[in-house]
Amino acid sequence: MARTRVSSSTTGYGASQIQVLKGLEAVRRRPAMYIGDTGVRGLHHLFVEVVDNAIDEVLAGRCTKIDVVLAKDGSVRVEDNGCGIPVDKHPEVKRPGVEVAMTMLHAGSKFGGGGYRVAGGLHGVGVSVVNALSEWLEVEVRRDGKVWEQRFERGKKVGELKATGKSTRTGTIVTFKPDPDVFETTEFNPETMTARLRELAYLNPTVKITFTVEETKDKQEFHYKGGIAAFVEHLNRLKDALHRVARFDGRREDVEAEIALQYNHGFLENIHSYANNIHTAEGGTHLSGFKTALTRAINAYARKAGLLKEKDPNFTGDDVREGLTAVISVKLLNPQFEGQTKTKLGNTEVEGLVSSIVYEGLSAHLEENPSAARRIVDKAITACRAREAARKASELIKRKSALEGTSLPGTLWDCSERDPAKSELFLVEGKSAGGAAKQGRDSRYQAVLPLRGVVLNVERARLDKMLNNEEIATLISALGTGIAQREGNGNGNGDDSETAGEASAKLDLSRLRYHRVIIMADADVDGAHIRTLLLTFFFRYMRPLVERGHLYIALPPLYGVQNGREMLYAHSDQQLQEILKSSGKSESSVQRYKGLAEMSADQLADTAMDPEKRTVRQVTIEDAERADELFSILMGDKVEPRKDFIVTHAKEVTDVDLV
């Protein structure tokens, strides 16, 4: 076959068309490549990068105090008492070290290992990326007996580094304001910032961290001498623990590992993993090593103690992790993270090293604490039996679907659209409301699944009981994804290797049949209860679905106001009064909707189902630890935390349903 040679002259494409982005231009042109996205998560990544630089000073043994301030103007100030960023001129680029760090990608003392043995900001792009994506950034360095200052705007310096005073102290202050031209929002969430600062204080017991929010004048201090053992106690404070926190650590080659764990009477695992203080939300090799060693050590002890007989099968990873809360922290010289956002550790050598440390430490702990060890094994035995019952329940669901010739439940009113991206599923409270929703929907792309009775509280139910619940089984079948059987707040996604041949249930979002799952419950107290029960299920067993933005809540109105031919809707008593006041018509009639079933199909479509008119809210997870805590408080076994929560927040309630 003849080939046609195309020259640059014929296409108009030559060297002149190649763009060369200088300095930090590439960051501003493609910010998502460096911080993940330009939404809320990317915004908070700026804060994380600056704080991580201060924490690196702690790891180097040069910093004991970090102060963070969220100012009224939306800027963030991070101050540490470390040694201060170098201000002398760099021998190659002939610019002050602080300016090089702020304006040049891949420039830092963390590459060669000379300035830091262990560090979290390892890519050398952190603070320069923050500078590039900020409307302005100011840095103040106390070093060599002087105070040095320099200002930057959108990554470019607006003045030279200057000595502005004298100081006997050392340290660095970085103040930055995110650029509204880059980010969808520049409003920081204090709770998200608090969560990160708290976990850093647990991971680094030698540092004291303060956080001040100027708008509310709220000031918090974080300093935990107990380290990660205290972290586990904090995570388990709303649970009934089976034993005292077990803590052990060790070092292999250039890897240091510190582990703390404790079992509780609950059914979910809650594992947090860190590498050089970076929260590895997607786990990695250190988590895999921990899981493998945990399963091996408990099986070995159970065999040796005669708690597992010769004919009994070994425990699986799911069995030994039921009710487990653990924190894994590793420190290593050259961590390999997946991407700048550092969500997964990839060093292959770490898995075996961590596994060895955990196996030896946990085995010794079990031998030295036989009563606690017996309780842990007994819990694994119970979990094993429940897992077998859950397997049988799952097989029953599959056989029933096969006999009926379809994998979809009979109570589901499906839509005709087969593209999941164009389809949405309404989860409706009650059969009557489901009927109204069926009439009011657009059957081309809207499906309706009525849920009868009160949804099971999965916070207090073991997996086998949950799968035997008709409504939960129907919901799982309708969505088509399966569930993450042991997913808690941490990294327990079931995607890390444990023992050979072990099979764990996986949540497969590629099989999700509807990309918008909308909870539509009554606009009263009972409806709020149904929503909370469903949210508990999704957070505990389908959290990735929530994290990917597939879950929504419909907001049907509480009142309907008829003004002649016009119908107005109010979602609260306050909105009702505003409507009545603005209408000024004495003939206005008000209808109170006690439930969705009291609305006509047209009204329901107008207020909660028609994309052009409805009000829905997307469910997001900004602070997973706080969400985990709230579900434990509201839906868990302990009464006192729930009572305290209600008393504390009673005055914040805006709408009380007394009808």
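Above this text sits the structure in question.
Just so it is clear, the structure is predicted and the values come from calculations on it, not from any experiment.

Undergrad: Honestly, the overall build of the protein in this entry has me stumped. Any pointers?
TA: When helices and strands are counted, the protein shows 21 helices and 22 strands. The proportion of buried residues among the 659 residues of the protein is 54%. For the protein, restricting intrachain contacts to residue pairs at least 6 apart in sequence, the fraction spanning at least 24 positions comes to 69%. Accessible area for the protein stands at about 31,200 Å²; split by element, carbon and sulfur atoms hold 49% of it.

Undergrad: Help me understand the pairing of strand β18 (residues 551-554) in this model?
TA: The side chains of a regular strand alternate between the sheet's two faces. Burial along β18 is two-sided: Leu551 and Ile553 facing one way and Tyr552 and Ala554 facing the other are all buried. For β18 and strand β22 (residues 616-618), the ladder comprises three bridges, and the chain directions are antiparallel. Each residue of the ladder has a partner; that of Tyr552, found in β22, is Gln618.

Undergrad: Which parts of the structure should I look at to understand the environment of Lys156?
TA: In this structure, Lys156 sits in strand β5 (residues 156-157). Residue classification places Lys156 among the exposed positions, given a relative accessible area of 61%. For the pair Lys156 and Leu24, spaced 132 residues apart in sequence, the C-alpha to C-alpha distance is 8.3 Å.

Undergrad: Any chance you could explain the packing of aromatic side chains here in plain terms?
TA: Aromatic ring pairs are reported here in terms of the distance separating the ring centres and the angle at which the planes meet. The full count for this structure, using the stated rule, is seven aromatic pairs. Put simply, the rings of Tyr202, Tyr224, Phe231 and Tyr274 touch in pairs and so form one group of aromatic residues. The ring of Tyr559 has Arg592 lying over it, and the distance from NZ or CZ to the ring centre is 5.7 Å.

Undergrad: How should I be thinking about the sheet that holds strand β15 (residues 424-429) in this particular structure?
TA: Paired through their backbone hydrogen bonds, the strands of a sheet run either parallel or antiparallel. Sheet architecture is open: five strands sit in the order β16-β15-β17-β18-β22, paired in mixed fashion. Each of the sheet's edge strands pairs with one partner strand only, and the pair in question is β16 (446-451) and β22. Averaged over all pairs of adjacent strands, the angle between strand axes in this sheet comes to 25°, irrespective of strand direction. By the bridge criterion, five bridges tie β15 to strand β17 (residues 516-520) in an arrangement that is parallel. Within β17, the position partnered with Leu427 by the bridge is Ile519.

Undergrad: Help me out: how do you make sense of unusual backbone geometry in this one?
TA: Glycine aside, the phi torsion of most residues is negative, and most peptide linkages are trans. You will see that Lys94, though not glycine, has its phi angle at about 60°, which is positive. Tracing the sequence through the fold places Lys94 in the loop between β2 (76-80) and α5 (97-103). Even without glycine at this site, Asn277 takes up a positive phi of about 75°. Note that Asn277 resides in the loop between β12 (270-275) and β13 (278-279).

Undergrad: Would you explain the packing of helix α4 (residues 40-59) against helix α7 (residues 190-203) in this entry?
TA: In a pair of packed helices, the angle between the axes and the distance between the axes together describe the arrangement. Following both chains from N to C, one finds α4 and α7 inclined at 25°, their axes separated by 11 Å at the closest point. Judged by the angle between their axes, α4 and α7 are roughly parallel. Of the two possible hands of crossing, α4 and α7 adopt the one that is right-handed. Contacts between α4 and α7 involve His44, Phe47, Val48, Val51, Asp52 and Ile55 on the former and, on the latter, Thr192, Met193, Arg196, Leu197 and Leu200. Here the residues of the contact of α4 with α7 are counted per class, giving seven nonpolar, two polar and two charged.

Undergrad: Looking at this structure, how should I read the nonpolar core?
TA: Nonpolar side chains tend toward joint burial in soluble globular proteins. Leu427, Met466, Ile483, Phe537, Phe538, Met542 and Leu551 are the most contacted members of the largest nonpolar core, which has 50 residues in total. Here this core gets eight residues from one element, more than from any other, and that element is helix α16 (residues 525-541). In this view, Met466 contacts Leu456, Val458, Ile472, Ile483, Phe537 and Tyr541; residues no more than four positions away in its chain are not counted. Among the nonpolar cores identified, the runner-up in size contains 48 residues, and Leu43, Trp148, Phe152 and Phe176 belong to it.

Undergrad: How should I be thinking about the sheet that holds strand β19 (residues 559-563) in this particular structure?
TA: Strand order in the open sheet formed by three strands is β20-β19-β21, with antiparallel pairing between adjacent strands. The strands lining the two open edges of the sheet, one partner per strand, are β20 (566-570) and β21 (589-592). For this sheet, the mean angle separating the axes of adjacent strands, direction not counted, is 25°. Sheet topology note: the β19/β20 ladder contains five bridges and is antiparallel. Within β20, the residue paired with Tyr559 across the bridge is Ala570.

Undergrad: What is the right way to read the side chain of Asp414 from this model?
TA: Here Asp414 is to be found in the loop between α12 (370-404) and β15. Of note is the side chain of Asp414, whose polar atom sits 2.9 Å from the side chain of Arg513. Reaching out from Asp414, the side chain makes a polar contact with the side chain of Tyr514 at a distance of 2.6 Å. Once you skip the residues sitting within four places of it in the chain, Asp414 turns out to touch Leu408, Arg441, Ala447, Arg513 and Tyr514.

Undergrad: What is the right way to look at the packing of helix α13 (residues 431-440) against helix α19 (residues 601-609) in this model?
TA: Relative to each other, α13 and α19 sit at 80°, their axes nearing to 8 Å. Put simply, α13 runs roughly perpendicular to α19. Along the contact surface, α13 presents Ala433, Ala436, Ala437, Gln439 and Gly440, while α19 presents Ala601, Leu604, Ala605 and Met609. Residue composition of the contact of α13 with α19, by class: seven nonpolar, two polar and no charged.

Undergrad: How should I be thinking about the environment of Val40 in this particular structure?
TA: Locating Val40 in the fold gives a position in helix α4. Overall, Val40 belongs to the partly exposed group, its relative accessible area being 33%. The residues contacting Val40, other than those within four sequence positions of it, are Thr185 and Glu622.

Undergrad: I keep staring at the pairing of strand β10 (residues 246-252) and nothing clicks. Help me out?
TA: Inspection of the sheet shows β10 paired to strand β11 (residues 255-263) by seven bridges, in the antiparallel sense. Looking at the pairing, Ala246 lines up with Leu261 of β11. As consecutive antiparallel partners, β10 and β11 are separated by two residues, and within that stretch Glu253 has a phi angle of approximately 55°, a positive value.

Conventions adopted
- Residues numbered from 1 in each chain as written.
- Predicted model: local features only at pLDDT ≥ 70, side-chain atom pairs only at ≥ 80, totals over all residues.
- Heavy atoms only, no water.
- Helix = DSSP H or I, 4+ residues; strand = E, 2+ residues; numbered from the N terminus.
- Buried < 20%, exposed > 50% of the residue type's maximum accessible area, 1.4 Å probe, protein only.
- Contact = heavy atoms within 4.5 Å.
- Areas by Shrake-Rupley, 256 points an atom, 1.4 Å probe, with all protein chains shown as cover.
- Pairing = 2+ DSSP bridges.
- Phe/Tyr/Trp six-rings, centres within 6.5 Å; stacked < 30°, edge-to-face > 60°.
- Lys NZ or Arg CZ within 6 Å of the ring centre and 35° of its normal.
- Axes fitted to C-alpha atoms, helices over the stretch in contact; angles between N-to-C directions.
- Parallel < 35°, antiparallel > 145°, perpendicular 65-115°, else oblique.
- Left-handed = near helix turned anticlockwise from the far one by under 90°.
- Nonpolar A, V, L, I, M, F, W, Y, C, P; charged D, E, K, R; others polar.
- Core = buried A, V, L, I, M, F, W, Y, C linked by side-chain atoms within 4.5 Å.
- Polar contact = N/O pair within 3.5 Å; in protein donor to acceptor, adjacent residues only side chain to side chain.

Shape is all these values report; function is a separate question.
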